[in-house]
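Overview (structure and organization)
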Amino acid sequence: MTAVGETLGRRPGSPPRAGAAKSLGLTDRRARTLVQIGLGVAALVAMVIAGTMLAPAAELTDLTARRQPPSLAHPFGTDWLGRDMLARTLVGLRLSLAVGTLAASVSAVVALLLAAAAGALGRRVDAGVSWLVDLFLAVPHLVLLILIAFAAGRGAAGVIIAVAVTHWPSLTRLLRGEARRVAASDYVAASQRLGRSGWWVARRHLLRHLVPQFTVGLVLLFPHAILHEAALSFLGLGLSPHAPAIGIILSDAMRYLSAGAWWLAVLPGVALLAVVKAVDMVGENLRALLDPRSVHE
Amino acid sequence: MLEARDLRFRYRRDDPWVVDGVDLCVEPGEVVGLRGPSGRGKTTVARLLAGYLAPDRGRVLVDGAPLVRGGQPVQLVSQHPELAVDPRWRLAEILAEAGPVDADLLDALSIARGWLDRYPHELSGGELQRVTVARALLSGATYVVADEVSAMLDPITQAQIWHVLLDRVRRGGIGLVAICHDDPLLDVVAGRVVDLSAPVRVAARS
Amino acid sequence: MSLLSVEGFSLSFVQYETGLRRRRLEVITDLDLEVDAGELVAVVGSSGSGKSLLAHAILGVLPSNAAEGGRIAYDGAPLDAARRTALRGREIALIPQSVTFLDPLARVGAQAQRAADLVGVTDPAGAARTAFRRLDLGHSVADRYPHELSGGMARRVLTATATIGIPRLVLADEPTPGLHPAVVTETLGGLRLMADRGAAVMLITHDLLRAVEVADRIAVFYAGTTVEVAPAAAFTGDGAALRHPYTRALWQALPQHGFTPLPGAQPPPTDLPPGCLFTDRCPLVVPECRQARPAARQVDQSLVRCIRA
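All of these numbers come straight from a predicted model, not from anything done at the bench. (Residues numbered from 1 in each chain as written. Chains lettered and ligands numbered in written order. Predicted model: local features only at pLDDT ≥ 70, side-chain atom pairs only at ≥ 80, totals over all residues.)

**Let's talk about the overall build of chain C**
Rules: In DSSP terms, a helix is any run of H or I states spanning at least four residues, a strand is any run of E spanning at least two, and both are numbered starting from the N terminus. We take the radius of gyration over the C-alpha atoms and set the globule estimate at 2.2 Å times the residue count to the 0.38 power. We call a residue exposed when 12 or fewer other C-beta atoms sit within 10 Å of its C-beta, buried when the count reaches 20 or more, and partly exposed for counts in between; the C-beta positions come from the backbone. We call two residues in contact whenever the C-beta atoms placed from their backbones are within 7 Å.
Looking only at helices and strands, one finds eight helices and 12 strands in chain C. Computed over C-alpha atoms, the radius of gyration of chain C comes to 20 Å, within 12% of the 19 Å expected from 2.2 N^0.38 for 309 residues, which places it in the range of a compact globule. Taken along its principal axes, the extent of the C-alpha atoms in chain C is 65 × 50 × 40 Å. Here chain C holds 309 residues, and the buried ones make up 49% of them. Considering only contacts in chain C between residues 6 or more positions apart, those separated by 24 or more positions represent 65%.

**Focus on the overall build of chain A**
When helices and strands are counted, chain A shows 11 helices and zero strands. Seen in sequence order, chain A has helices and strands lined up from the N terminus as α-α-α-α-α-α-α-α-α-α-α. For chain A, the proportion of its 297 residues judged to be buried stands at 36%. In chain A, once contacts between residues fewer than 6 apart in sequence are set aside, the share between residues at least 24 apart is 69%.

**Digging into the sheet that holds strand β12 (residues 302-304) of chain C**
Residues and elements named next belong to chain C. Spelled out, the test is: We treat two strands as partners when DSSP finds at least two bridges between them. To get an axis, fit a line to the C-alpha atoms, keeping to the stretch in contact for a helix; angles then go from 0 to 180 degrees between the N-to-C directions.
Within the open sheet, the eight strands sit side by side as β6-β7-β8-β3-β9-β10-β12-β11. Their pairing is mixed. Lying at the two open borders of the sheet, with one neighbouring strand each, are β6 (92-95) and β11 (297-299). Sheet twist, expressed as the average angle between the axes of neighbouring strands with direction ignored, equals 20 degrees. The sheet contact formed by strand β3 (residues 40-44) and strand β9 (residues 217-222) spans four bridges and is parallel.

**A closer look at unusual backbone geometry**
When glycine is set aside, most residues are seen to have a negative phi, and most peptide bonds are trans. Residues and elements named next belong to chain C. One non-glycine residue, I166, lies in positive phi territory at about 50 degrees. Mapped onto the elements, I166 comes out in the loop between α5 (151-162) and β7 (169-173). Taking the C-beta count within 10 Å as the criterion, I166 has 18 such neighbours and is therefore assigned partly exposed. For F259, which is not a glycine, the phi torsion comes out positive at approximately 55 degrees. Along the chain, the position of F259 falls in the loop between α8 (245-252) and β11.

**Considerations on the interface of chain B and chain C**
How big an interface is tends to be stated in terms of accessible area lost as the parts join. Using the following cut-off: Throughout, the ten residues Ala, Val, Leu, Ile, Met, Phe, Trp, Tyr, Cys and Pro are labelled nonpolar, Asp, Glu, Lys and Arg are labelled charged, and all others, Gly among them, are labelled polar.
Opposite the 22 residues of chain B that make contact, chain C presents 23 residues. Looking at the side of chain B that touches chain C, the elements with two or more residues in it are α5 (125-138), α6 (155-170) and α7 (183-189) of chain B. Ranked by the residues each element gives to the side of chain B that touches chain C, the list is headed by α6 of chain B, at six residues. Residue classes in the side of chain B that touches chain C are distributed as 10 nonpolar, nine polar and three charged.

**Digging into the confidence of the model for chain C**
What counts here: Every residue carries a pLDDT, the predictor's confidence in it, which falls somewhere between 0 and 100.
Here chain C averages 88 in pLDDT, and 100% of its residues register 70 or above. Both scores are available for the predicted complex, with the pTM at 0.82 and the ipTM at 0.85.

**As for the packing of helix α5 (residues 123-138) of chain A against helix α7 (residues 155-183) of chain A**
Residues and elements named next belong to chain A. Our working definition: For this classification, under 35 degrees means roughly parallel, over 145 means roughly antiparallel, 65 to 115 means roughly perpendicular, and everything else is oblique. Note on convention: near helix rotated counterclockwise from far helix by under a right angle means a left-handed crossing. Clockwise means right-handed.
Two elements in contact, α5 and α7, have axes separated by 9 Å at closest approach and are oriented at 155 degrees. In terms of orientation, α5 lies roughly antiparallel with respect to α7. Regarding α5 and α7, the two cross each other, and that crossing is left-handed. Contacts between α5 and α7 pair D126, V129, V133, F136 and L137 from the former with P169, T172, R173, R176 and R180 from the latter.

**Concerning the pairing of strand β10 (residues 225-231) of chain C**
Residue and element names in this part refer to chain C. Across the seven residues that make up β10, a large majority, six, are buried. As judged from the six bridges shared by β9 and β10, these two strands associate in the antiparallel manner. Considered in β10, the bridge of R217 is made with P231. Counting the residues between successive antiparallel strands, the hairpin from β9 to β10 contains two residues, one of them, A223, with a positive phi of roughly 50 degrees. Sheet analysis places β10 next to β12, joined by two bridges and oriented antiparallel. Note on β12: the bridge partner recorded for E228 is V304.

**Looking at the environment of G114 of chain B**
With respect to the helices, strands and loops of the structure, G114 of chain B is situated in the loop between α4 (103-108) and α5. C-alpha of G114 of chain B to C-alpha of C180 of chain B: the two residues are 66 residues apart in sequence and 31 Å apart in space.

**A word on helix α9 (residues 198-234) of chain A**
Residue and element names in this part refer to chain A. Spelled out, the test is: Under the convention used throughout, the expected extent of a helix is 1.5 Å for every residue step, that is, one less than its residue count. Think of it this way: the bend at a residue is just the angle between two axes, each fitted to seven residues, one set ending at that residue and the other starting at it.
An ideal rise of 1.5 Å per residue puts 54 Å on 37 residues; α9 reaches only 45 Å between its terminal C-alpha atoms. Along α9, the helix axis deviates most sharply at L206, where the bend reaches about 50 degrees. Just past α9, the residue G236 takes up positive phi, approximately 85 degrees.

**Some points on the environment of S302 of chain C**
Residue and element names in this part refer to chain C. In this fold, S302 is placed in strand β12. Looking at S302, the number of C-beta atoms within 10 Å reads 22, which means it is buried. When the C-alpha positions of S302 and P78 are compared, they lie 25 Å apart, and in sequence the two are 224 residues distant. If sequence neighbours within four positions are ignored, S302 has contacts with E228, V229, A230, A234 and R243.

**Some remarks on the sheet that holds strand β4 (residues 66-74) of chain C**
Residue and element names in this part refer to chain C. The four strands are arranged β2-β1-β4-β5 in an open sheet whose pairing can be described as antiparallel. Two strands in the sheet have a free side with no partner beyond their single neighbour: β2 (22-35) and β5 (77-78). Pairing of strand β1 (residues 4-16) with β2 involves 10 bridges; the strand directions are antiparallel. Following the sheet pairing, V6 is matched in β2 by L33. Relative to the sheet, helix α1 (residues 51-59) contacts β1, β2 and β4, its axis offset from that of β2 by approximately 80 degrees.

The structure is reproduced here in structure tokens:
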């Protein structure tokens with residue numbers, strides 16, 4: 001790292017950068033961004049590993065230790081069958097994360113392909129894509145989500161299809177705007193005058209402009225997808241009741257809330273929010289990194 | 001010969017004609033200046049000549065044949081180089097798209113080798129314009145339309161670019177259409193000048 | 001004492017390259033400039049020579065990764081960040097480059113009024129009317145939208161709106177980009193008028209010839225430094241009265257003066273040569289030139305940075 005302090009001269013009255021040195025003492029803003037991404041990814045990976053290792057423990061019933069509040073032996077308490085809630089939560093999170101990210105990925109790829117087509121294949125294709133986007137956005141997406149999950153027959157496949165189908169429109173609209181802008185540019189016109197095909201233009205021009213936004217959009221879709229999977233499972237329209245998806249854990253816990261077993265709903269709920277927050281942090285930092293203005297210190 | 005016959009163009013059906021019956025012809029080895037009242041009309045003519053726009057009436061012909069996509073005989077260099085290049089391409093790639101790199105041309109335009117690794121936004125306007133001129137000349141085009149290419153440049157960069165363009169014309173390589181609102185510059189570079197606001201054209205229309 | 005005094009000013013940025021690597025861009029080095037009330041000083045140089053950045057520095061609108069050195073003084077006192085913010089739009093005004101700074105959805109009279117309001121003028125409506133009258137804009141213009149104005153009128157509205165606080169220092173950043181000669185005359189004439197009425201005007205432009213017509217003095221920038229500050233009268237004939245080889249080269253490159261270009265290009269801010277910044281292209285270069293940056297010295301009527309002047 002260059003000795004930035006000594007190469008910079010006097011700064012006219014600008015306030016000292018209080019937030020510059022975070023807990024790790026880093027003044028390099030880009031390094032901080034990378035570290036935050038690393039932490040977020042590490043946390044998620046740790047959670048997935050823990051979830052995998054604790055899978056057998058999540059199934060272990062112990063009828064002598066039913067509905068126990070959080071303790072040292074069971075940090076998240078136990079449920080009505082004596083199963084350790086921490087283990088169940090971690091397994092459930094892993095499941096939600098897997099389903100959510102798969103659905104979001106399918107959605108994002110569909111969005112990229114549609115946006116690229118709208119940009120490279122001319123006005124009529126673009127009009128068609130716009131019309132389709134508007135159509136899907138006109139329907140309240142929670143209603144659409146429930147209908148599709150129901151129609152696709154529940155279970156993991158149904159959830160993935162439902163989430164994928166309801167999440168591509170907003171990202172498509174974003175990417176399509178960028179694709180149209182590029183398609184209308186002079187440099188694309190110049191390439192076309194040189195005889196390049198629509199395919200070539202999409203590959204050499206469009207893709208480079210779309211990929212950064214696509215990547216950020218993809219990562220930021222994950223939280224939505226994860227939460228929607230949880231919602232579907234909560235409503236009984238998602239994964240089968242035997243798989244401990246977070247939504248199912250939460251819906252099962254509803255029955256025991258009035259009896260005072262708050263830890264059955266609150267702790268898994270907070271854990272879900274923590275996962276969503278971690279993914280969101282990775283996405284936002286990625287966006288900051290890929291922003292062309294991030295070249296400034 | 002690059003020829004424009006009775007070119008007419010307007011942006012929408014109810015709009016007035018932006019280009020209203022323009023005739024022009026350029027041979028390789030000559031520089032034809034284009035002068036006129038409003039910037040928009042001249043730029044539209046430039047884009048019509050280079051095939052970026054299709055005329056509503058009239059034709060653009062290269063050696064008697066209409067312009068086709070690919071095998072680009074007419075290149076356009078516009079006033080704003082930052083809009084004419086893909087900001088996510090490195091300069092080396094931008095030049096390579098036109099044709100194999102000619103070291104002599106790059107030297108004549110004072111394009112430093114170090115620039116080739118950089119992105120467009122890292123260069124100043126004058127530096128980027130040198131690159132777009134190089135791109136036009138590397139493409140092997142027979143005709144170049146220069147639309148206010150030096151309007152935003154300092155006198156030295158302006159003179160450098162024009163000298164390279166004029167040198168290519170003199171060597172019998174290309175025909176140049178020079179669009180310029182700076183009369184002294186036009187007097188120095190152009191062999192003859194077509195004036196878009198000349199009253200004789202209005203008479204010819206009716 | 002000059003209203004604006006820039007002494008030995010330097011400006012650099014630290015930027016990221018790929019990954020975590022950073023590099024320093026020295027965009028301005030050792031810049032000297034003075035503008036007095038009632039005079040119009042033109043700042044001339046190629047793109048990338050640091051002209052606009054000086055204006056941004058004076059206004060205090062540089063990005064956060066900018067580092068400054070040297071002094072800028074306004075009205076005798078140093079111009080620090082707080083003062084820049086306080087004076088911006090009021091005593092120190094910027095006339096921006098493009099008419100797209102005008103809101104296309106609002107009538108121009110209302111826009112001028114809003115500008116007056118933002119600046120803190122007591123009677124915004126009255127100030128707007130006065131400003132329009134000052135620039136010869138008739139009564140009916142205030143009710144029009146920007147797209148309904150001709151190019152010249154739009155520029156005058158822009159100038160009126162920007163200078164509504166009756167600034168003492170006016171910075172005009174490339175106010176005539178590729179415009180038709182008649183509009184350029186109108187715009188520059190307006191700036192001259194402002195100077196004649198007592199304001200200090202700094203005109204930033206690449207158009208040397210037009211600058212000479214309206215300016216009192218011309219400051220020539222090259223690679224982020226002032227190489228010469230000469231009276232406009234020195235720009236005449238074959239440029240014999242011009243002291244710095246770059247200034248002379250600029251003059252002789254004009255189509256009306258021989259159209260002779262000097263080969264080479266300006267060094268990039270990441271890679272400035274040691275010694276004088278012009279050594280790579282200078283026709284008068286000697287070994288001493290490469291040893292140190294020349295100091296500015298008075299030669300006849302001009303301030304020059306050249307040991308051979």
